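# Structural overview
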Amino acid sequence: MIISKIQLDPRKRDTAKALQNRGLFHSAMEDSVGGERPHILWRLEPNMSILAVSKDIPFLGDIQNRFGDSFSKPVSKPYDAYLDSIADGDLMKFTITVNPVINVSNGSKNGKDVPLNLRRTPKYPFCAEDWMIKKLEERGVEVREIRDIAHETVYFIKRNRRIPIFMVTYSGVFHVRESKELKDAMITGIGGKKTYGCGLLSAVRIRGI
C-alpha cells in the first residue's frame, strides 16, 4: 500500500472549480491509478491538501499541474510497514471524513440514503456520531473520544444535475482491540461515497501510552 499527499493551490482556476464540483477531484484521483476498477481512497484536508491511500503508486503529475501548489511536490511513500506496526492495545488518535446516512425504504427496491442529524433529538435518537462510533467499533476499536471538527454539504455534477453529498469530519481517540480489522478499514475505507473523498481513516499512535 502507498500513502500520498499533494498540496493544492486554491488560487488555480481548476482547483476553485473542483471545490464546487467534487466530481473533478473524483475523476482526477481515479485517473491517477491504473486498472479497470482503481482502488484509491482520498480525503481533502483542512490545510488544502489531498491525502490518498492506494494499492500502487499513483501518477500525480496531472493532479499537480491542474490543482497543485507549484512550490510543493507530491509525496508518495510505502504504507505497509506503518500498518504492520499497529498492534492490539495501541491507543491512537484518528481522523476520518464520512458520509453518514441511513437507507430508508420508500417503496422502491433499493430505498433512499438519508443524511443523519449531527445531534440526537427526541424524534431522531440515532445521530451521525452514533453511526460513526458503530462503524468504527465494527472495525476492531473501542472509541474513547470523538468530536466532529467539520461538516458540510458538497456537490458533484452528473448529467447537468448538482448532486449533494453530506460530509462530516471526525477526530478522536480509540483503543485498538482487533488490529487486523482496523488495518483493513484503513485500506478499504468506511462507509459510502469513497471515490468522492469519504471513508479514508488515518490514525497515529499516541506516544507515551
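This text goes with the structure placed above it.
Overview of the structure. (Residues numbered from 1 in each chain as written. Predicted model: local features only at pLDDT ≥ 70, side-chain atom pairs only at ≥ 80, totals over all residues. Heavy atoms only, no water.)

## A short note on the overall build of the chain
- Secondary structure assignment for the chain yields 6 helices and 10 strands.
- In terms of C-alpha radius of gyration, the chain reaches 18 Å, essentially the compact-globule figure of 17 Å for 209 residues.
- Across its three principal axes, the chain shows a C-alpha extent of roughly 50 × 45 × 30 Å.
- Counting every position in the chain, which comprises 209 residues, the buried fraction comes to 45%.
- Accessible area of the chain: about 11800 Å², with a carbon and sulfur share of 50%.
- Across the chain, the centroid of the 34 positively charged side chains sits 6 Å from that of the 25 negatively charged ones. (Helix = DSSP H or I, 4+ residues; strand = E, 2+ residues; numbered from the N terminus. Rg over C-alpha atoms; globule rule 2.2 N^0.38 Å. Buried < 20%, exposed > 50% of the residue type's maximum accessible area, 1.4 Å probe, protein only. Areas by Shrake-Rupley, 256 points an atom, 1.4 Å probe, with all protein chains shown as cover. Lys, Arg positive; Asp, Glu negative; His and termini not counted. Charge placed at Lys NZ, Arg CZ, Asp CG, Glu CD.)

## Structural notes on unusual backbone geometry
- In the Ramachandran plot, Asn160 falls in the positive-phi region, its phi being about 65° despite a non-glycine side chain.
- Position of Asn160 among the secondary structure elements: in the loop between strand S8 (141–158) and strand S9 (161–176).
- Residue classification places Asn160 among the exposed positions, given a relative accessible area of 78%.
- Of note in this structure, Lys193 is not a glycine but carries a positive phi near 55°.

## Some thoughts on the nonpolar core
- Residues Phe94, Met132, Tyr170, Phe174, Leu182 and Leu201 are the most contacted members of the largest nonpolar core, which totals 33 residues.
- Elements represented by at least two residues in this core include exactly strand S3 (49–54), strand S5 (91–98), helix H5 (128–137), S8, S9, helix H6 (179–188) and strand S10 (201–205).
- Residue contributions to this core peak at 5 residues, all from S9.
- Apart from the residues within four sequence positions on either side, Tyr170 is in contact with Phe94, Thr95, Ile96, Val98, Ala128, Glu129, Met132, Ile146, Arg147 and Asp148.
- The next biggest cluster of nonpolar side chains, apart from the first, holds 15 residues, and it includes Ala18, Phe25, Val33 and Trp42. (Core = buried A, V, L, I, M, F, W, Y, C linked by side-chain atoms within 4.5 Å. Contact = heavy atoms within 4.5 Å.)

## A short note on the side chain of His26
- With respect to the element layout, His26 can be found in helix H2 (residues 23–31).
- A relative accessible area of 13% places His26 in the buried class.
- Setting aside anything within four residues of it in sequence, one finds His26 in contact with Trp42, Thr195 and Tyr196.

## Structural notes on the pattern of salt bridges
- Per the counting criterion, the structure on display carries 11 salt bridges.
- A salt bridge links Asp148 to Arg119; the shortest N-O distance between them is 3.0 Å. Of this pair, Asp148 sits in strand S8 while Arg119 sits in the loop between strand S7 (112–115) and H5, placing them 29 residues apart in sequence.
- Here Glu142 makes a salt bridge to Arg144, at a shortest N to O gap of 3.6 Å.
- Of the residues examined, Arg144 reaches a relative accessible area of 47% and is grouped as partly exposed.
- Each member of the salt-bridge network shares a partner with another, and the members are Asp14, Asp62 and Arg66. (Salt bridge = Lys/Arg side-chain N within 4 Å of Asp/Glu carboxyl O.)

## Observations concerning the packing of aromatic side chains
- Inspection of the entire model under this criterion finds 5 aromatic pairs.
- For the ring pair Phe25 and Trp42, a centre distance of 6.0 Å and an interplane angle of 70° mean the geometry is edge-to-face. Here Trp42 lies in strand S2 (residues 40–44) and Phe25 lies in helix H2, a separation of 17 residues in the sequence.
- A relative accessible area of 1% means that Phe25 is categorised as buried.
- Ring geometry for Tyr79 against Tyr82: centres 6.1 Å apart, planes inclined by 15°, an arrangement best described as stacked.
- Among the residues examined, Tyr82 registers a relative accessible area of 25% and is labelled partly exposed.
- Members of the aromatic cluster, connected to one another through ring pairs, are Phe25, Trp42 and Phe67.
- The side chain of Arg162 reaches across the aromatic face of Tyr155, ending 3.9 Å from its centre. (Phe/Tyr/Trp six-rings, centres within 6.5 Å; stacked < 30°, edge-to-face > 60°. Lys NZ or Arg CZ within 6 Å of the ring centre and 35° of its normal.)

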